[in-house]
Amino acid sequence: MKLSFLLSFAIGIMIVVAAAVIWLVLDGLAVFTTINDMITEIVGEESPVDLLAIVEFPRVVSGAAVVAIVDVVLLTALSTIGAFLYNITAALVGGVNVTLTDE
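Computed from a predicted structure; not experimentally measured.

What counts and how
- Residues numbered from 1 in each chain as written.
- Predicted model: local features only at pLDDT ≥ 70, side-chain atom pairs only at ≥ 80, totals over all residues.
- Heavy atoms only, no water.
- Helix = DSSP H or I, 4+ residues; strand = E, 2+ residues; numbered from the N terminus.
- Rg over C-alpha atoms; globule rule 2.2 N^0.38 Å.
- Contact = heavy atoms within 4.5 Å.
- Areas by Shrake-Rupley, 256 points an atom, 1.4 Å probe, with all protein chains shown as cover.
- Phe/Tyr/Trp six-rings, centres within 6.5 Å; stacked < 30°, edge-to-face > 60°.
- Patch = residues over 30% accessible without salt bridge, like charges linked within 9 Å, V, L, I, M, F, W, Y side chains within 5 Å.
- Salt bridge = Lys/Arg side-chain N within 4 Å of Asp/Glu carboxyl O.
- Expected span 1.5 Å × (residues − 1).
- Buried < 20%, exposed > 50% of the residue type's maximum accessible area, 1.4 Å probe, protein only.
- Lys, Arg positive; Asp, Glu negative; His and termini not counted.
- pLDDT = per-residue confidence, 0-100.

1. A few points about the overall build of the protein
Then, number 1: Regarding its fold elements, the protein presents four helices and zero strands.
Then, number 2: Of the regular secondary structure in the protein, the N- to C-terminal order runs α-α-α-α.
Then, number 3: Against the compact-globule benchmark of 13 Å for 103 residues, the protein has a radius of gyration of 23 Å, which places it well outside the compact range.
Then, number 4: Overall, the C-alpha framework of the protein stretches about 75 × 35 × 20 Å when taken along its three principal axes.
Then, number 5: A fraction of 69% describes how many contacts in the protein between residues 6 or more apart in sequence connect residues 24 or more apart.
Then, number 6: Here the protein has roughly 8,000 Å² of accessible surface; of this, 74% comes from carbon and sulfur atoms.

Okay, here's the thing in structure tokens:
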């Protein structure tokens, strides 16, 4: 459980950092502004969709943090249950013996 928690915590940190980096790259390339201008051009000035308000940096990072927290909880629980089931199965059928020799 400890190892699966640490690994899932590291994955959670990677999710948040990756979301921030991808957002910064897309914002630097003006992708959001271009898409927002295209939506305004297609729908008109009275467009109910404001993409720039939806994909703000704090909103994206907080969304990634929520996903990371859910990931940490679920991945830790599933890994622990999987290890428990594996240990029960290995005890029942004898498991696989691996012997390392120094020849």
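2. Observations concerning the packing of aromatic side chains
Then, number 1: The final tally for this structure, using the stated rule, is three aromatic pairs.
Then, number 2: By the ring-pair criterion, three or more aromatic residues cluster together here, those being Trp23, Phe32 and Phe57.

3. So, a nonpolar patch on the surface
Then, number 1: Judged by side-chain polarity, Phe5, Leu6, Phe9, Ile13, Val17, Val21, Val25 and Leu29 come together as a nonpolar surface patch covering roughly 760 Å² of accessible area.
Then, number 2: The residue Ile13 is located in helix α1 (residues 2-28) in this model.

4. Focus: helix α4 (residues 57-93)
Then, number 1: A rise of 1.5 Å per residue sets the reference length of α4, with its 37 residues, at 54 Å; its end C-alpha atoms lie 52 Å apart and thus fit the reference within 8%.
Then, number 2: Burial in α4 covers these residues: Ala64, Ala68, Asp71, Val72, Thr76 and Ala90.
Then, number 3: Tucked inside the fold, the buried residues of α4 contact α1.
Then, number 4: Just past α4, the residue Gly94 takes up positive phi, approximately 100°.

5. Let's talk about α1
Then, number 1: Over its 27 residues, α1 extends 39 Å from the first C-alpha to the last, a length consistent with the 39 Å expected when each residue adds 1.5 Å.
Then, number 2: Directly beyond the C-terminal end of α1, a positive phi value near 60° is found at Ala30.

6. Looking at the side chain of Asp71
Then, number 1: By the element assignment, Asp71 lies in helix α4.
Then, number 2: Despite its burial, Asp71 pairs with no opposite charge; the closest candidate is Lys2, at 20 Å N-O.

7. Thoughts on the confidence of the model for the protein
Then, number 1: Averaged over the protein, the pLDDT score is 90; the fraction of residues at 70 or greater is 96%.
Then, number 2: At the low end of the mean pLDDT range in the protein sits helix α3 (residues 51-54), at 86; at the high end sits α1, at 95.

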